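Here is how the chains run, residue by residue.
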Amino acid sequence: MSGPATVLRAVLRHGPVARSTIARLTGLSPAGVTRHCGSLADRGLVAETDGPVSRNGMGRPHVPVDIDTARHTVCGVHIAHAQCTLAVLDLRGNVLAQQQIPHGGTRPEEVLGTVVEALPRFLGDRRPLAMGVAAGGWVDTDNGVIVEHASLGWKNVPVKEILSTTGIPVHADSHARALVQAEQLFGQVRASESVLHLFVGNVVDAAIVTGGSTHRGPRSAAGDVAHLPLGDPDVRCGRGHQGCFEATVSDDAWARRTAGVSMRELLGAKPDPFIERARMVGRAAALLYDVVNPEVLVVTEAGVIHFPECLQALRDEIAARSHLCAAPEHTVLSSSFGGDEVLAVAGGAVALGVLYADPLSHAVG
Ligand SMILES: [Zn+2]
């Protein structure tokens, strides 16, 4: 990580924080920290705070610095099966505004055209530094292409190129990787070197962090768990396989299983229909846990987010099946982000991840 990125991450984690403390925490020289803080402040990413000023033994004042959340924002676009979520986030990942936009159709130009049309009014006077686009399925980050989105039937959609017509720099990633990045930046797994994230919505996919970095693989295809044969053997997926994981536990499949009641209605009622899903997710999670052996497993799934009973059922199932997961109450966690904001965070986190990785190339003063 570059010096400015190291300093910005330290300020994010520890701010408001004195420059001398940043030097101690990061091992950078005090002069280097002061120089990087200056560059970051010039770009409006950090600012000196009005908070209490501490003094060292020589009586020199230490004015703490913190992330400047008042100046810049990023924008997020999450593309789901039936709607897009537009969002504005500050640099600490707080969702300042969000709006759901139902798809006008399912073709990429219809869906993305609606987004391009809606953005100016949604953003108003805001000029976000960057736009993050998150979607389920296979997203090629380097090229900004949604290679495959099964539930929308999309193949090779150049989402970056299409949304760049808004004039905002665009970055794209899978929502599973976007959310694990958000967990590392703003969530409860900040200090973890290895994290496994399992996302269960209408699309089911995973993200793997090792050595503090997200594993992508060639063309960013890593994390495809949709067709693992860990679902109900009586269910067939769109490719005609029996017992596929996504075809069994996805939101749509689960709503059909529970007499056609919508997910929203289900969440307003009792946890019972979700407990069985949490167990099925736990079966797959236990297997993935033993393959990856992460410090922490994070599961983003509506029932687990809403009902403590579902988190318990998930942990019980993983404890029963995994060889390695000895203390699921510490190592199996629900998403840090509530059900109402998780998709908004996913989109914004794609842009924030790029910003925090290389702050000086992606921000202007
Ligand atoms: Zn399948």
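Residues numbered from 1 in each chain as written. Predicted model: local features only at pLDDT ≥ 70, side-chain atom pairs only at ≥ 80, totals over all residues. Heavy atoms only, no water.

A. Quick peek at the pattern of salt bridges. Considering all chains together, one arrives at 14 salt bridges under this definition. The salt bridge partner of Glu-109 is Arg-107, with a shortest N-O separation of 2.8 Å. Arg-257 serves as the salt-bridge partner of Asp-232, at 3.1 Å between the closest nitrogen and oxygen. Placement of the pair is Asp-232 in the loop between strand E15 (213-215) and helix H7 (245-249) and Arg-257 in helix H8 (residues 251-257), with a sequence separation of 25 residues. Judged by relative accessible area, which is 15%, Asp-232 ranks as buried. Each of the salt bridges in this network shares a partner with another, and the network as a whole consists of Arg-107, Glu-109 and Glu-110. (Salt bridge = Lys/Arg side-chain N within 4 Å of Asp/Glu carboxyl O. Helix = DSSP H or I, 4+ residues; strand = E, 2+ residues; numbered from the N terminus. Buried < 20%, exposed > 50% of the residue type's maximum accessible area, 1.4 Å probe, protein only.)

B. Inspection of the pairing of strand E11 (residues 154-157) at higher detail. Where strand E10 (residues 145-149) meets E11, 3 bridges bridge the pair, whose relative direction is antiparallel. Its bridge partner lying in E11, Ile-146 is registered against Val-157. Hairpin connection from E10 to E11: 4 residues lie between these consecutive antiparallel strands, with Gly-153 at a positive phi of about 75°. (Pairing = 2+ DSSP bridges.)

C. Representation of the packing of aromatic side chains. Considering all chains together, one arrives at 2 aromatic pairs under this definition. Relative to Tyr-356, the ring of Phe-186 has its centre 6.2 Å away and its plane inclined at 80°; by these criteria the two rings are edge-to-face. Note that Phe-186 is positioned in helix H6 (residues 175-186) and Tyr-356 in helix H14 (residues 342-357), a separation of 170 residues in sequence. With a relative accessible area of 15%, Phe-186 lands in the buried category. Seen from their ring centres, Phe-274 and Phe-307 are 5.9 Å apart, and the 40° between their planes marks the pair as tilted. (Phe/Tyr/Trp six-rings, centres within 6.5 Å; stacked < 30°, edge-to-face > 60°.)

D. Examining the domain arrangement of the chain more closely. Here the domain parsing of the chain yields domain 1 (3-67), domain 2 (74-178 + 342-362) and domain 3 (191-334). Averaged C-alpha coordinates put domain 1 and domain 2 at centres separated by 31 Å. Contact with domain 1, which involves 14 residues of that partner, is made by 8 residues of domain 2. Summed over both sides, the interface of domain 1 with domain 2 buries roughly 960 Å², with 71% coming from carbon and sulfur. The largest share of the area that domain 1 buries against domain 2 comes from Leu-12, Leu-45 and Ile-67, three residues that together contribute 42% of it. (Domains from an automatic or database assignment. Contact = heavy atoms within 4.5 Å. Buried area = accessible area lost by both parts, 1.4 Å probe.)

E. View of the nonpolar core. Of all hydrophobic cores here, the largest spans 48 residues; its most connected members are Val-11, Ile-22, Leu-352 and Tyr-356. The element best represented in this core is H14, accounting for 10 residues. If we skip the residues at most four places from it in the chain, Val-11 touches Val-17, Ile-22, Val-46, Val-65, Asp-66, Ile-67 and Arg-92. Core analysis: the next-biggest nonpolar cluster, separate from the first, contains 36 residues, Val-249, Ile-275, Val-281 and Tyr-289 among them. (Core = buried A, V, L, I, M, F, W, Y, C linked by side-chain atoms within 4.5 Å.)

F. Expanded view of the sheet that holds E11. Pairing within the open sheet is antiparallel, and its 3 strands lie in the order E9-E10-E11. Of all the strands in the sheet, just strand E9 (138-140) and E11 have a single pairing partner and so form its edges. Adjacent strand axes in the sheet meet at a mean angle of 15°, parallel and antiparallel pairs treated alike. Pairing analysis gives 3 bridges linking E9 to E10, with the strands arranged antiparallel. Looking at E10, one finds that Asp-140 is bridged to Val-145. (Axes fitted to C-alpha atoms, helices over the stretch in contact; angles between N-to-C directions.)

G. Region of the structure containing the pairing of strand E6 (residues 83-89). Most of E6 is tucked away, with 6 of its 7 residues classed as buried. Note that strand E5 (residues 74-79) and E6 share 6 bridges and pair antiparallel. The residue bridging Val-74 from the neighbouring strand is Leu-89, located in E6. Between E5 and E6, which pair antiparallel and follow one another directly, the connecting turn spans 3 residues. Sheet analysis places E6 next to strand E7 (residues 95-102), joined by 7 bridges and oriented antiparallel. By the bridge assignment, Thr-85 is partnered in E7 with Gln-100.

H. Just the state of the cysteines, in detail. Taken as a whole and assessed by the stated rule, the structure comprises 0 disulfides. There is no disulfide at Cys-310, and the cysteine sulfur nearest it, in Cys-325, is 18 Å away. Residue Cys-310 is classed as buried on the basis of its relative accessible area, which comes to 0%. (Disulfide = S-S within 2.5 Å.)

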